[in-house]
Amino acid sequence: MSLRERIAASTIWPMLWKEFIQMRRDRLTLAMMLGIPALQLAMFGYAIQTEVRHLPTVVLDESRSSESLALVDQLRNTGNFDIVGYVPDRMALDQEIRAGRAMAGVVIPPTYLSDLRRGRTAQAQVIVDAADPLASSAAMAAAAQAGAARSTAILSRSSGRAPPLEVRVRPWYNPGLRSAVYIVPGIIGVLLSITMILITSMSIVRERELGTLEQLIVTPIDKTSLMLGKILPFVLVGYVQMTVILVLGRLLFDVPIRGSLPLLYLMTLAFIVASLGMGLFVSTVARTQAQALQLGYFFLLPNILLSGFMFPREAMPVAAQWLGLALPLTHFLKVLRGIILKDVGVVELWAPTLWLVVLATLFIALSVRRFSKRID
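What comes next is a walk through the structure. (Residues numbered from 1 in each chain as written. Predicted model: local features only at pLDDT ≥ 70, side-chain atom pairs only at ≥ 80, totals over all residues. Heavy atoms only, no water.)

On to the overall build of the protein chain, then. Scanning the protein chain for helices and strands turns up 16 helices and 5 strands. Looking at the 376 residues of the protein chain, the share that counts as buried comes to 47%. Restricting the contact set of the protein chain to residue pairs at least 6 apart, pairs at least 24 apart contribute 81%. If you sum the accessible surface of the protein chain, you get close to 19,000 Å²; carbon and sulfur atoms cover 65% of it. (Helix = DSSP H or I, 4+ residues; strand = E, 2+ residues; numbered from the N terminus. Buried < 20%, exposed > 50% of the residue type's maximum accessible area, 1.4 Å probe, protein only. Contact = heavy atoms within 4.5 Å. Areas by Shrake-Rupley, 256 points an atom, 1.4 Å probe, with all protein chains shown as cover.)

Looking along a regular strand, one sees side chains alternate from face to face of the sheet. The buried count for strand β4 (residues 122-129) comes to 6 of 8 residues, which makes it a mostly enclosed element. Bridging between strand β3 (residues 104-108) and β4 involves 4 bridges; their strand directions are antiparallel. Residue Gly-105 lies in a different strand from β4, and its bridge partner there is Ile-127. Direction of pairing for β4 relative to strand β5 (residues 165-172): parallel, over a ladder of 8 bridges. Along β5, the bridge assignment pairs Ala-122 with Leu-165. (Pairing = 2+ DSSP bridges.)

With that settled, consider the side chain of Ser-63. With respect to the helices and strands, the residue Ser-63 is situated in the loop between β1 (55-61) and α4 (66-77). For Ser-63, a relative accessible area of 14% gives the class buried. Setting aside anything within four residues of it in sequence, one finds Ser-63 in contact with Ser-68, Ile-108, Pro-109, Pro-110, Tyr-112 and Leu-113.

The next subject is the pattern of salt bridges. Summed over the entire model, instances satisfying the criterion amount to 8 salt bridges. For Arg-76, the salt bridge is made with Asp-73, and the minimal N-O distance between the two is 2.5 Å. With Arg-76 and Asp-73 both in helix α4 and 3 residues apart, the pair spans about one turn of that helix. Between Asp-94 and Arg-90 there is a salt bridge, and its shortest N-O distance comes to 3.4 Å. With Asp-94 and Arg-90 both in helix α5 (residues 90-98), this residue pair falls 4 residues apart, about one helical turn. (Salt bridge = Lys/Arg side-chain N within 4 Å of Asp/Glu carboxyl O.)

Pairing is mixed across the open sheet formed by 5 strands, whose spatial order is β2-β1-β3-β4-β5. Sheet topology places β2 (81-86) and β5 at the edges, where each strand pairs with a single neighbour. Within this sheet the neighbouring strands show an average axis-to-axis angle of 25 degrees, counted without direction. Relative to β2, β1 is paired through 5 bridges, and the arrangement is parallel. For Val-59, the partnering residue across the bridge sits in β2 and is Tyr-86. Together, β1, β3, β4 and β5 form the strand contacts of α5, whose direction differs from that of β3 by roughly 165 degrees. (Axes fitted to C-alpha atoms, helices over the stretch in contact; angles between N-to-C directions.)

Next up on the list: a nonpolar patch on the surface. Together, Leu-236, Val-240, Val-244, Val-247, Leu-248, Leu-251, Leu-252 and Phe-253 give the surface a local cluster of nonpolar side chains, amounting to about 790 Å² of exposed area. Mapped onto the elements of the fold, Val-244 is located in helix α11 (residues 223-253). (Patch = residues over 30% accessible without salt bridge, like charges linked within 9 Å, V, L, I, M, F, W, Y side chains within 5 Å.)

Moving on, we come to the nonpolar core. Nonpolar side chains tend to gather and get buried jointly when the protein is soluble and globular. Counting residues in hydrophobic clusters, the biggest one holds 63 residues, and the most contacted among them are Leu-93, Ile-188, Phe-332 and Ile-340. Examining the composition of this core, we find that 10 residues originate from one element, helix α12 (residues 261-285), more than from any other. Residues in contact with Phe-332, not counting those within four places in the same chain, are Ile-188, Gly-189, Leu-192, Thr-268, Phe-271 and Leu-356. Within the second largest apolar cluster, 27 residues are counted, among which are Val-59, Ile-108, Leu-116 and Val-167. (Core = buried A, V, L, I, M, F, W, Y, C linked by side-chain atoms within 4.5 Å.)

What follows covers the side chain of Ser-275. Here Ser-275 lies in helix α12. Once residues within four sequence positions are removed from consideration, Ser-275 is found in contact with Ser-193, Met-196, Ile-197 and Thr-200.

Even without a glycine there, the phi angle at Arg-64 is positive, about 50 degrees. Among the structural elements, Arg-64 can be located in the loop between β1 and α4. Classification of Arg-64 by relative accessible area gives exposed; the value is 71%. Despite not being glycine, Tyr-173 has its phi angle at roughly 70 degrees, a positive value. Tracing the backbone shows Tyr-173 in the loop between β5 and α8 (179-201).

Moving on to the packing of α12 against helix α15 (residues 328-342). Close contact between α12 and α15 brings their axes to 10 Å; oriented N to C, the two are set at 165 degrees. In terms of their interaxial angle, α12 and α15 are classed as roughly antiparallel. The handedness of the crossing between α12 and α15 comes out as left-handed. Contacts between α12 and α15 involve Leu-263, Leu-264, Met-267, Thr-268, Phe-271, Ala-274 and Met-278 on the former and, on the latter, Pro-328, Leu-329, Phe-332, Val-335, Leu-336, Ile-339 and Ile-340. (Parallel < 35°, antiparallel > 145°, perpendicular 65-115°, else oblique. Left-handed = near helix turned anticlockwise from the far one by under 90°.)

Here Leu-165 is to be found in strand β5. Distance from Leu-165 to Gly-147, taken between C-alpha atoms, is 7.0 Å for residues 18 residues apart in sequence. The contact partners of Leu-165, leaving out residues within four places of it in the chain, are Leu-71, Tyr-112, Thr-121, Ala-122, Gly-147, Arg-150 and Ser-151.

Moving on, we get to the environment of Ser-260. Note on placement: Ser-260 falls in the loop between α11 and α12. You can call Ser-260 partly exposed: its relative accessible area is 32%. For the pair Ser-260 and Val-344, spaced 84 residues apart in the sequence, the C-alpha separation amounts to 8.5 Å. Not counting residues up to four positions away in its chain, the partners in contact with Ser-260 are Ile-339 and Asp-343. A distance of 3.3 Å separates a polar side-chain atom of Ser-260 from the backbone nitrogen of Leu-263. (Polar contact = N/O pair within 3.5 Å; in protein donor to acceptor, adjacent residues only side chain to side chain.)

See the structure below:
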């Protein structure tokens, strides 16, 4: 018998035919297999960009002269700095950067104009939030280039030989521009997302496939208690994971912990519940564990790629930034990096924490409602 005849006579063909028929009948799984990758490719290919420009910038202009305005315009014209406001003093500038409302600040001292007129080297300072090395490195280079360009323009119309202007760039929070300082806090949120979403997305589906869901239905436990009972044990798991990463990050990568750990643990609760609620909602939608796994990754990948963990949100299109606001990890990263790297408190973090509470409540409510419909 030839090789072709042996292949044609193989018993694998009936099995393959059976699997294709079963796949065709399970239209939801087939649609997920084909549609989800295409949708994610279009979304991520459009949203993910690595060139960071237009950093929100505040200005402390104590000179209030035409020369100081010219320097600000020079910085704006680089395209790396968007002037979002002027602040009255240094404390207000520090507060804007600490709270994350600005990623850069320009400080022009009151002696700026008088130094230029007297032929002395005038100084200005550009402060950059260097917690994200990718976003800050381009801004720091642009600030130095803008200072050199402005200095050349001033020198061309004067007879002095000394450099008329010096722009000092000062990176905050991560002066060494070490990527580990930025990545390790984000890994806490990513690992919690993976664990919470994928594990809970399988919970209700597993009960249904094992035939134990009906036993849960006939018990006197109400739906809300059943949903909460499904997720609360994983809250402890999430805290254990976070503690391990914090300890290893400090020991292995020398990541500083500048803020309050009790505050961090308290605010983490909202994120854990929101992630568990998202996974639980997936579990009430899917009918098989394969569907739950695919839907879990459908929610998980945007959490990682659009939240600012890997790619700066400032470089994303506006539509992608708005989409990122619906993801729990986007807001939790602000909490993590704010407390760990910047030592910020409740005043600066109330907005992302409120977002997390709203998302947690929404996903839990949707899960309870969806589960109620399934068992009626």
